[in-house]
Amino acid sequence: MKGFLIKYNLEILTILMFSFVTVVAIFNAAPSITQKILIAYVFLFTLHEWEENRFPGGFVNIMEGMIGKKFSEEAKELSHIPVIILLLFIHIIPYLFDSVVFLTLIPVFLGVFEGLVHTIGVKLSKAKKFYTPGMVTAYMMLIVSVFNIYYLVTNNMITGKDCLLGIICMFVSFAIMQNRVLAINGISYKDMFNIIKAKK
């Protein structure tokens with residue numbers, strides 16, 4: 001079972017995310033604005049994972065080059081599991097508690113963060129062209145996120161407190177996920193900070 005999960009992690013993520021969309025479409029004929037926003041990110045983050053890892057893929061290879069360490073094939077595949085868990089949590093929980101608007105802001109701010117990370121990644125990885133695997137969908141999320149923030153602000157649906165809580169929750173959840181991914185590949189945050197510092 002573990003081997004199946006590892007080998008087909010992207011396919012499993014896609015099935016789970018689209019099954020979620022199908023279920024909510026059947027049982028919630030009139031979704032709220034925040035729920036509609038979340039559904040958009042279900043598709044965007046799923047596409048983002050495919051671009052990073054399959055079409056064209058190669059994001060892990062870039063990380064290997066930056067860090068100067070080869071990861072085992074099992075570790076590479078196993079490290080997708082924390083990502084799947086994160087994506088499920090940051091979409092399903094906010095959807096169920098759609099009136100708690102700062103929860104909806106977690107994937108919104110993560111979309112902004114992904115756009116920035118992939119831009120900075122071009123410099124850190126010393127890419128020959130202005131692209132890192134996942135950048136196209138990361139920029140799509142960035143654009144959608146900016147629009148959503150503008151919409152929510154202009155319609156008085158969020159406050160400064162909501163934004164602060166959303167950003168904090170986004171960084172905390174992302175840090176937990178990233179910590180697990182790094183640990184699976186035998187890397188610590190200290191190693192990452194030293195690498196980034198050396199790249200400056």
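Keep in mind it's a predicted model, so treat the numbers as computed, not measured. (Residues numbered from 1 in each chain as written. Predicted model: local features only at pLDDT ≥ 70, side-chain atom pairs only at ≥ 80, totals over all residues. Heavy atoms only, no water.)

1. Digging into the environment of Cys 163
Argument step 1. Looking at the element boundaries, Cys 163 is found in helix H9 (residues 160–184).
Argument step 2. When the C-alpha positions of Cys 163 and Phe 102 are compared, they lie 6.5 Å apart, and in sequence the two are 61 residues distant.
Argument step 3. Excluding residues that lie within four positions of it along the chain, Cys 163 makes contacts with Leu 105, Phe 109 and Ile 158. (Helix = DSSP H or I, 4+ residues; strand = E, 2+ residues; numbered from the N terminus. Contact = heavy atoms within 4.5 Å.)

2. Description of the pattern of salt bridges
Argument step 1. Under the definition given, this model contains one salt bridge.
Argument step 2. Between Glu 11 and Arg 54 there is a salt bridge, with the nearest N and O atoms lying 2.9 Å from each other. On the criterion of sequence distance, the pair formed by Glu 11 in helix H2 (residues 9–27) and Arg 54 in the loop between helix H3 (33–53) and helix H4 (59–67) is long-range, its members being 43 residues apart.
Argument step 3. Judged by relative accessible area, which is 26%, Glu 11 ranks as partly exposed. (Salt bridge = Lys/Arg side-chain N within 4 Å of Asp/Glu carboxyl O. Buried < 20%, exposed > 50% of the residue type's maximum accessible area, 1.4 Å probe, protein only.)

3. Details of the nonpolar core
Argument step 1. One finds Leu 87, Leu 105 and Leu 110 to be the most contacted residues of the largest nonpolar core, which totals 35 residues.
Argument step 2. Counting residues per element, the ones that place at least two in this core are H2, H3, helix H6 (80–96), helix H7 (101–124), helix H8 (135–154) and H9.
Argument step 3. A total of eight residues in this core trace back to one element, the largest contributor, which is H7.
Argument step 4. When residues no more than four places from it in sequence are discounted, the contact partners of Leu 110 are Phe 45, Ile 90, Met 170 and Phe 174.
Argument step 5. Val 60, Ile 67, Phe 71 and Ile 187 belong to the second largest nonpolar core, which has nine residues in total. (Core = buried A, V, L, I, M, F, W, Y, C linked by side-chain atoms within 4.5 Å.)

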